[in-house]
Amino acid sequence: MALKDVLHSSVRPGELVRPLDATRIRCVACGHACPLPDGAAGVCKVRFNRGGTLYVPWGYVGGVQCDPIEKKPFFHASPGALAYSFGMLGCDLHCGYCQNWVTSQALRDPRAVAPPQQVSPDALVADALRQGARVLVSTYNEPLITAEWAMAIFREARAAGLRTGFVSNGNATPEVLEYIRPHIDYYKVDLKSFDDRRYRELGGRLAPILDTIRRLHALDVWLEIVTLLVPGFNDDADEIDRLTAFVASVSPDIPWHVTAFHQDYKMVDHRDTRDHDLLRAADIGRRNGLRFVYAGNRPGQVGDLEDTRCQGCGETVVSRLGYHVQSYRLTPDGTCPSCGTRVPGRWDSRFAGQITDHPFLPNRRLRVI
Ligand code: SF4
């Protein structure tokens, strides 16, 4: 059976939908807000109209893995915790440099082979707990397009005492953000560019992503932003200046991660990001008032740009090497031990994660099924 047929049988009626007329509906799970005549699928190819009902992905995962939460990356949310990460298949964008293209482009690219595994929310949460995870994260594909399934899992996860998060391109709608808000703790937005023309090359638009960032902050969901710095694509100093000024205008306390690109998937005509590219971008972000700027994917090569420093006195309160927390000095209230300033984030009352400077190994092997 073709992958498309397998996926079109792993569905159930969706909730993020508006009627347009007797047979036409509008999906509101992502910023495309696709109008769907009977028989049509959306841009993502995984949500479709059958007989006037929107069907959405349900009951499977395209991949699971337990990682340090810093790998997502979240630096101000449950530091050191294991994040049990799951994804489905498909995406509403088609970025040429996608590092998760095997799952995100499974319905567009015949080279992307990620067979779905049937699973229940209970089984996923039980597996996360078995492995010692404290956070469940929907990632690998775009979680907004599979939001109903993610919320079914997050309800179980919250009931079991886990935190929850999305790793997302941020191409949301007000409706989907309201829908997920009761069940989600952390949200990472990939702000890929500050140029609408670039977003259109990737299959999206800039405006919905900026709107998502504003709304998530207003909804008090813990938000971190990542920009993969691709030389010749989005690293122009003026663009980084406008991008970081925008983030700072929403809040200077939003952590901004600028991370190194390496050639991947279809984008092999841009050089890899060098350390000094990251340092230059980080410097622009700091000059625009961002208090928590991090440089990623170059462990040990970017000076103090992997550590969290108190915005009051400059004391290092969390030091890291790559994904690994090496020291943690925040008080149980999440304040600086030197000056008492509260550092923004979702800190645990005690540091329960691993302090390690060696590669992470999960407690046990994955046993989803
Ligand atoms: S999730 Fe986005 S791309 Fe997919 S059908 Fe809904 S609005 Fe369209």
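Note that this is a predicted model, so its numbers are computed, not measured.

Draft legend 1. Region of interest: the site of the ligand. Around the ligand sit Cys27, Ala29, Cys30, His32, Ala33, Cys34, Gly42, Val43, Cys44, Arg47 and Ile145, and those are all the residues in its vicinity. A majority-of-atoms criterion places the ligand in the largest cavity. For the shell around the ligand, the class distribution of residues is 8 nonpolar, 2 polar and 1 charged.

Draft legend 2. Geometry of the nonpolar core. Counting 76 residues, the largest nonpolar core has Leu136, Phe166, Ile180, Tyr187, Leu191, Ile213 and Trp256 as the members making the most contacts within it. The dominant element in this core, judged by the number of residues it contributes, is helix α4 (residues 147-159), at 8 residues. In contact with Trp256, not counting residues within four places along its chain, are Ile225, Thr227, Ile240, Leu243, Thr244, Ala281, Ala282, Gly285, Leu290, Phe292, Val293 and Tyr294. Judged by nonpolar contacts, the second largest core, of 13 residues, contains Phe75, Val317, Trp347 and Phe351.

Draft legend 3. Summary view of the sheet that holds strand β4 (residues 35-36). Strands sit in the order β2-β3-β4 across an open sheet of 3 strands; the sheet is antiparallel. Two strands close off the open sheet at either side, each with one partner strand: β2 (17-19) and β4. Here β2 pairs with strand β3 (residues 25-27) via 3 bridges, running antiparallel. Looking at β3, one finds that Pro19 is bridged to Ile25.

Draft legend 4. Representation of the side chain of Asp235 in the model. By the element assignment, Asp235 lies in the loop between β14 (222-229) and α8 (237-250). Here Asp235 is buried and forms no salt bridge, its nearest opposite-charge partner Arg280 lying at an N-O distance of 4.0 Å. Separated by 2.9 Å, the side chain of Asp235 and the backbone nitrogen of Gly232 make a polar contact. Not counting residues up to four positions away in its chain, the partners in contact with Asp235 are Leu229, Val230, Ile240 and Arg280.

Draft legend 5. Empty space enclosed by the protein, seen in detail. In the structure shown here, the tally under the stated rule is 3 cavities of 30 Å³ or more. The calculated volume of the largest cavity comes to roughly 80 Å³. Around the largest cavity, the lining residues are Cys27, Ala29, Cys30, His32, Ala33, Cys34, Leu36, Gly42, Val43, Cys44, Arg47 and Asp92. Among the residues making up the lining of the largest cavity, the classes are represented as 8 nonpolar, 2 polar and 2 charged.

Draft legend 6. View of the pattern of salt bridges. With the rule as written, the count across this model stands at 23 salt bridges. Ionic pairing is found between Arg158 and Asp185, a salt bridge with its closest N-O pair at 3.1 Å. In this pair, Arg158 sits in helix α4 while Asp185 sits in the loop between α5 (174-180) and β13 (186-190), placing the two residues 27 residues apart along the sequence. A salt bridge links Glu201 to Arg198; the nearest nitrogen and oxygen atoms lie 3.0 Å apart. Linking Glu201 with Arg198, this pair stays in helix α6 (residues 196-202), spanning 3 residues, or about one helical turn. When its relative accessible area of 22% is taken as the criterion, Arg198 is described as partly exposed.

Draft legend 7. The arrangement of the pairing of strand β19 (residues 324-328) in detail. Across 4 bridges, the pairing between strand β18 (residues 316-321) and β19 is antiparallel. For Leu321, the partnering residue across the bridge sits in β19 and is His324. Following β18, the chain reverses through 2 residues before pairing antiparallel with β19; Gly322 in that reversal takes a positive phi of roughly 60°.

Draft legend 8. Here's a closer look at the packing of aromatic side chains. Per the stated rule, a full pass over the model turns up 9 aromatic pairs. Seen in terms of ring centroids, Tyr328 and Phe351 are 4.4 Å apart; in terms of plane orientation they differ by 10°. Their pairing is stacked. A residue pair is termed long-range when its members are at least 10 positions apart, and Tyr328 in strand β19 and Phe351 in the segment after β19 qualify at 23 residues. Grouped by ring-pair contacts, the aromatic residues Phe86, Phe154, Phe166 and Tyr187 constitute a single cluster. Just above the ring of Phe75 sits the side chain of Arg320; from NZ or CZ to the centre is 4.0 Å.

Draft legend 9. Region of interest: the sheet that holds strand β16 (residues 293-296). With mixed pairing, the 8 strands of this open sheet are ordered in space as β8-β9-β11-β12-β13-β14-β15-β16. For this open sheet the edge positions go to β8 (63-68) and β16, each flanked by a neighbour on one side alone. Strand-to-strand twist across the sheet, computed as the mean angle between neighbouring axes with direction ignored, equals 20°. Relative to strand β9 (residues 82-87), β8 runs antiparallel, the two sharing 6 bridges. Residue pairing in the sheet places Gly63 in a bridge with Gly87 of β9. On the sheet, α4 packs against β9, β11 (135-138) and β12 (163-168) and is oriented at approximately 150° with respect to β12.

Draft legend 10. Structural detail: the layout of surface pockets. The calculated volume of the largest pocket comes to roughly 1100 Å³. It is β8 that contributes the most residues to the lining of the largest pocket, 4 residues altogether.

Draft legend 11. Region of the structure containing α8. Between its first and last C-alpha, α8 extends 20 Å over 14 residues, near the 20 Å set by a 1.5 Å rise per residue. Taken together, the buried positions of α8 are Glu239, Ile240, Leu243, Thr244, Phe246, Val247, Ala248 and Val250. The inward-facing, buried residues of α8 abut α7 (206-218), β14, β15 (256-260) and α9 (275-287). Of the residues that open α8, the one with a side-chain oxygen 3.0 Å from the backbone nitrogen of Asp238 is Asp236.

Conventions used here
Residues numbered from 1 in each chain as written. Predicted model: local features only at pLDDT ≥ 70, side-chain atom pairs only at ≥ 80, totals over all residues. Heavy atoms only, no water. Near = heavy atom within 4 Å. 1 Å grid on protein atoms, 1.4 Å probe; cavity = no way out; pocket = protein on both sides within 12 Å on 5 of 7 lines; lining within 4 Å. Sits in = over half its atoms within 2 Å of the grid points. Nonpolar A, V, L, I, M, F, W, Y, C, P; charged D, E, K, R; others polar. Core = buried A, V, L, I, M, F, W, Y, C linked by side-chain atoms within 4.5 Å. Buried < 20%, exposed > 50% of the residue type's maximum accessible area, 1.4 Å probe, protein only. Helix = DSSP H or I, 4+ residues; strand = E, 2+ residues; numbered from the N terminus. Contact = heavy atoms within 4.5 Å. Pairing = 2+ DSSP bridges. Lys, Arg positive; Asp, Glu negative; His and termini not counted. Salt bridge = Lys/Arg side-chain N within 4 Å of Asp/Glu carboxyl O. Polar contact = N/O pair within 3.5 Å; in protein donor to acceptor, adjacent residues only side chain to side chain. Points joined across faces, edges and corners; volume = space filled by probe spheres on them. Phe/Tyr/Trp six-rings, centres within 6.5 Å; stacked < 30°, edge-to-face > 60°. Lys NZ or Arg CZ within 6 Å of the ring centre and 35° of its normal. Axes fitted to C-alpha atoms, helices over the stretch in contact; angles between N-to-C directions. Expected span 1.5 Å × (residues − 1).

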